[in-house]
Amino acid sequence: MSILNSPGKQQTQKELYEKTRSVIVKDSTTGCSQLAAEVAALIRERQAQGENVVLGLATGSTPVPFYKELIRLHQEEGLSFKNVITFNLDEYHGLAPDHRESYNRFMREQLFDHIDLPKENINIPDGTVSLDAVYESCLDYEKRIEEAGGIDLQILGIGRTGHIGFNEPGSSRDSRTRMITLDRITRRDAAADFLGEANVPRHAITMGVGTILAAKRLVLMAWGGNKAEIVQQAVEGKVTDRISASFLQEHSNATFLVDDAASSQLTRVHLPWLVGSVKWDGKMIKRAVTWLSHRFEKPVLRLVDGDYNESGAGEILTASGRAYDVNISVFDMVKHTITGWPGGKPGTDDSHRPERAEPASKRVLIFSPEPSDAIMSLGGTIHRLIEQGHQVKLVVQTSGGLRVPDLAARKFAAILQEMAGLLGDGGSSAGGEYASQVLKQLEDKGAFGDDTLDIKRLKALILRGEVRDAAQVCGLAADTVVFQDLPFYEKGRYRQFQMQQEDVDSTAALLQEYQPNQIYATGHLADPSALQTLCYRTIEQALEGFKDEAWVKDCRLWLYRGKESELNSYEIDMAVPMSPEQLDLKGEAIRKFQSISQEELDSSGRNQTTAKRYDQLGMAEYEAIESFERG
Ligand code: F6R
């Protein structure tokens, strides 16, 4: 089905709750190739008529695979962009076009330098304009769009605040191109790119909501589980200036193009029985009943027939009997996910336990994409696994050095320099010279320059020290922490990483050597260009290569969620409770990451929410719970 030329509103029963047309695709590659094919058709159609096409473009991670596909169409299928005029949505204020985080540079690197789009056809808001000239410059941008005949097709991403362009909460329906103050969440999301939140610009110039809605067609892309909640609110919620993407509901030809993970909170996916019939297997019943329990704020065992019937889940009773029986079976399902023995309880009947009892002492590999990920998500579980006699290795997949602010590097280099002085060699030793060199390089590169190899190494070392300390708090000896330093990370930068075969080979070598009985990993649901996703793919592909080996058949994969979301109650296959002391211990481990902002690291709240939800379902009341899905 054509994405661009189909009607703007949802049509079918399944899409009843959706107020903007949404197309769900398996993954971003599929979505981007469909969208790129539509754009190519539009360009060619206009070429045949001797006319231009005006495209509105976005930056960020989301459109990267789309731009890659446009480049491929140009290089391999001769698609020319000579008749295309482009307008970008936004630009950070205060960044020169060559700044490594400017959207101007991003567009050149990701698209413009690889196609035959005439330079004079490119329009991007000017981030360098002085404050007193901003107003005129914005008016001029609007005028240029109008003179080009208006935007034929506007590409959009969506921020976690629901912004389109940089139209943060509070942006009105009729807003036009202007300067805006960035929301705290938006700045936090950009922190890794800018080496710390403090470096993220406070202001940006953005097309307004009104400017965007004036485009003839709008396609908003969203990939990954992190976007699921905001996509649901924008598509199914009421139109509000708190979520500027919700204004797409008022456009007659707008489409949300989302992958499976980003669609997961839409009613047709999340609560499918509300919009059609479903196959009531155990998983679906668990999903519906836990939803009912949360909705009525009643423990599972207290739900009555009326609760099922009133909320569209009555079909379960027709198929499975009385509420009483269904309640008991779901209660048991949830209860059986809870275990204080994440590695299995030796010598017991394990038929209702998430993990098997044997072997009693398991070889466990815990993959952490960035140094802090695993500690934040399963610090308590790591502690239990070690206490319970398993052989645990923590594999830190990437150094995380790109996240470490210059300040931390400067501090360590200065200490090293002083130490060399104290040792009486006047700083002339190798260590002293190295420290002075790093300090000079930091000075030379300025706040936003690229890190030299020396700086990168020092930043990676700082995090190595921190993760070793954190792991030790969780009970892991220093020699059980493996630093994988995946090559894609060492060679790349955020949003632009490219996984290669060497990354898979490195993971395969590790797996082959250790032949684990249990693996903990994350990244299966994240944005496809996110570092966590790439790290996960290396594991997935490496395991695929061993699929016929006996140890793989006997190995269980447990998936944890990253720092931005938590598992819904129905998704949890293993819930590991934590006592207040264990939660404190985990907090202590997390605080070892001094070079990363503590706000970013705050995960204990999530563990407490999971525990509250379990309590609400009628389970025992725990302080906190770490949760996992079976892979
Ligand atoms: C970028 C833009 C923003 C992004 C949004 C999502 O030009 O206008 O609205 O589309 O912040 O960013 P990513 O794609 O990085 O998740």
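Two aromatic rings, taken as a pair, are described by how far apart their centres are and by the angle between their planes. Within the structure shown, the criterion is met by 14 aromatic pairs. Plain terms: the ring middles of Trp273 and Trp280 are 5.7 Å apart, the flat faces sit at 40° to each other, and that makes the pair tilted. For Trp273, a relative accessible area of 5% translates into the label buried. On the accessibility criterion, Trp280 (15% relative accessible area) is buried. Taking the centre distance of 5.4 Å and the plane angle of 70° together, the rings of Tyr494 and Phe497 count as edge-to-face. Residue classification places Tyr494 among the buried residues on the basis of a relative accessible area of 13%. For the cation-ring pair, Arg630 lies above Trp558, with the distance from its terminal atom to the ring centre recorded as 5.9 Å.

For the rest of this paragraph, the subject is a negative patch on the surface. A cluster of acidic residues, Glu581, Asp584, Glu588 and Glu623, forms a negative patch on the protein surface. Secondary-structure assignment places Glu581 in helix 21 (residues 580-590). Look at Glu581 and you get exposed, because its relative accessible area is 57%.

Moving on, we come to the sheet that holds strand 8 (residues 203-206). Strand order in the open sheet formed by three strands is 4-8-7, and the pairing between neighbours is antiparallel. One side of each edge strand has no neighbouring strand; the edge strands of this open sheet are strand 4 (90-92) and strand 7 (178-181). Averaged over all adjacent pairs, the angle separating strand axes in this sheet is 25°, with direction ignored.

Taken in spatial order, the seven strands line up as 13-12-11-14-15-17-16 in an open sheet, and their pairing is mixed. The open sheet terminates on both sides in strands that have one partner only, identified here as strand 13 (481-483) and strand 16 (574-578). Mean inter-strand twist for the sheet, computed between neighbouring axes without regard to direction, equals 25°. Pairing analysis gives six bridges linking strand 11 (residues 363-368) to strand 12 (residues 391-396), with the strands arranged parallel. Bridge pairing links Val364 to Val392 in strand 12. Across the face of the sheet, helix 16 (residues 453-473) comes into contact with strand 12 and strand 13 while running at roughly 160° to strand 13.

As a further point, take the packing of helix 9 (residues 282-296) against helix 12 (residues 323-335). Viewed as axis vectors pointing N to C, helix 9 and helix 12 meet at an angle of 100°, and their least axial separation amounts to 10 Å. Considering their axes alone, helix 9 and helix 12 lie roughly perpendicular with respect to each other. On helix 12, the residues that touch Gly282, Ile285, Lys286, Val289 and Thr290 of helix 9 are Val326, Val330, Met333 and Val334. Residues of the contact of helix 9 with helix 12, tallied by class, amount to six nonpolar, two polar and one charged.

This brings us to the site of the ligand. Near the ligand lie 15 residues; those nearest to it are Thr62, Asp90, His163, Gly165 and Arg495. Thr62 places a polar side-chain atom, nitrogen or oxygen, 2.4 Å from an oxygen atom of the ligand. Partitioned by chemical class, the residues of the shell around the ligand number four nonpolar, eight polar and three charged.

In this view, the connection linking strand 11 to its parallel neighbour strand 12 by way of helix 13 (residues 373-387) has right-handed handedness. Here three bridges tie strand 12 to strand 13, and the two strands are oriented parallel to one another. Following the sheet pairing, Leu394 is matched in strand 13 by Val481.

With that settled, the discussion passes to the pattern of salt bridges. Taken as a whole and assessed by the stated rule, the structure comprises 38 salt bridges. A salt bridge links Asp27 to Lys26; the nearest nitrogen and oxygen atoms lie 3.5 Å apart. Lys445 is the partner of Asp406 in a salt bridge, and the nearest nitrogen-oxygen pair spans 2.9 Å. Taken together, the residues Asp406 in helix 14 (residues 406-425) and Lys445 in helix 15 (residues 430-445) connect sequence positions 39 residues apart. Across this residue pair, the class does not change: Asp406 and Lys445 are buried. Through salt bridges with shared partners, a single ionic network connects Glu69, Arg72, Glu76 and Glu77.

This brings us to the environment of Asn199. Along the chain, Asn199 falls in the loop between helix 5 (184-189) and strand 8. Between the alpha carbons of Asn199 and Phe448 there is a distance of 8.5 Å; along the sequence they are 249 residues apart. Each residue touching Asn199, except ones within four places of it in the same chain, is listed here: Phe194 and Phe448. Separated by 2.9 Å, the side chain of Asn199 and the backbone oxygen of Phe194 make a polar contact.

All right, on to helix 7 (residues 228-236) then. One turn of the α-helix equals 3.6 residues, which is why residues spaced by three or four share an orientation. Looking at helix 7, one finds that the buried residues are Ala228, Ile230, Val231, Ala234, Val235 and Glu236. Buried residues along helix 7 sit against strand 1 (21-25), strand 9 (217-222), strand 10 (254-259) and helix 8 (267-270).

For helix 13, spanning 15 residues, the distance from its first C-alpha to its last is 21 Å, which sits close to the expected 21 Å at 1.5 Å a residue. Count one or two residues on from helix 13 and you reach Gly389, which has phi positive near 85°.

Here we come to a nonpolar patch on the surface. Together, Leu301, Tyr324 and Ile328 give the surface a local cluster of nonpolar side chains, amounting to about 290 Å² of exposed area. Residue position: Ile328 is located in helix 12. Under the relative-accessibility criterion, Ile328 is labelled partly exposed at 32%.

Here the residue pair Glu358 and Pro359 is connected by a cis peptide bond, since its omega of -10° sits within 30 degrees of zero. Relative to the assigned elements, Pro359 resides in the loop between helix 12 and strand 11. If you check the backbone angles, Glu297 has positive phi at about 50° while not being a glycine. Following the sequence through the fold, Glu297 ends up in the loop between helix 9 and helix 10 (305-310). Glu297 sits in the exposed class, given a relative accessible area of 65%. Located in the positive-phi region is Asp485, a residue other than glycine, with phi close to 45°. Mapped onto the elements of the fold, Asp485 is located in the loop between strand 13 and helix 17 (487-491).

The domain boundaries assigned to the protein delineate domain 1 (21-268), domain 2 (271-335) and domain 3 (363-403 + 444-630). If you average the C-alpha positions of domain 2 and of domain 3, the two centres end up 34 Å apart. On the domain 3 side, the residues contacting the 12 residues of domain 2 number nine residues. Of the roughly 990 Å² buried between domain 2 and domain 3, counting both surfaces, carbon and sulfur atoms make up 61%. Of all residues in domain 2, the largest losses of buried area upon contact with domain 3 belong to Lys286, His294 and Val334, amounting jointly to 47% of the total for that side. One can count zero salt bridges joining domain 2 with domain 3. Linking domain 2 with domain 3 are five residue pairs in polar contact (both at pLDDT 80 or more), by the criterion used here. Sorting the residues of the side of domain 2 that touches domain 3 by element identifies helix 9 and helix 12 as the ones contributing at least two each. Grouping the amino acids of the side of domain 2 that touches domain 3 by side-chain chemistry returns four nonpolar, three polar and five charged.

Thresholds applied
- Residues numbered from 1 in each chain as written.
- Predicted model: local features only at pLDDT ≥ 70, side-chain atom pairs only at ≥ 80, totals over all residues.
- Heavy atoms only, no water.
- Phe/Tyr/Trp six-rings, centres within 6.5 Å; stacked < 30°, edge-to-face > 60°.
- Buried < 20%, exposed > 50% of the residue type's maximum accessible area, 1.4 Å probe, protein only.
- Lys NZ or Arg CZ within 6 Å of the ring centre and 35° of its normal.
- Patch = residues over 30% accessible without salt bridge, like charges linked within 9 Å, V, L, I, M, F, W, Y side chains within 5 Å.
- Areas by Shrake-Rupley, 256 points an atom, 1.4 Å probe, with all protein chains shown as cover.
- Salt bridge = Lys/Arg side-chain N within 4 Å of Asp/Glu carboxyl O.
- Lys, Arg positive; Asp, Glu negative; His and termini not counted.
- Charge placed at Lys NZ, Arg CZ, Asp CG, Glu CD.
- Helix = DSSP H or I, 4+ residues; strand = E, 2+ residues; numbered from the N terminus.
- Pairing = 2+ DSSP bridges.
- Axes fitted to C-alpha atoms, helices over the stretch in contact; angles between N-to-C directions.
- Contact = heavy atoms within 4.5 Å.
- Parallel < 35°, antiparallel > 145°, perpendicular 65-115°, else oblique.
- Nonpolar A, V, L, I, M, F, W, Y, C, P; charged D, E, K, R; others polar.
- Near = heavy atom within 4 Å.
- Polar contact = N/O pair within 3.5 Å; in protein donor to acceptor, adjacent residues only side chain to side chain.
- Right-handed = clockwise from strand over helix to strand, strands pointing away.
- Expected span 1.5 Å × (residues − 1).
- Domains from an automatic or database assignment.
- Buried area = accessible area lost by both parts, 1.4 Å probe.

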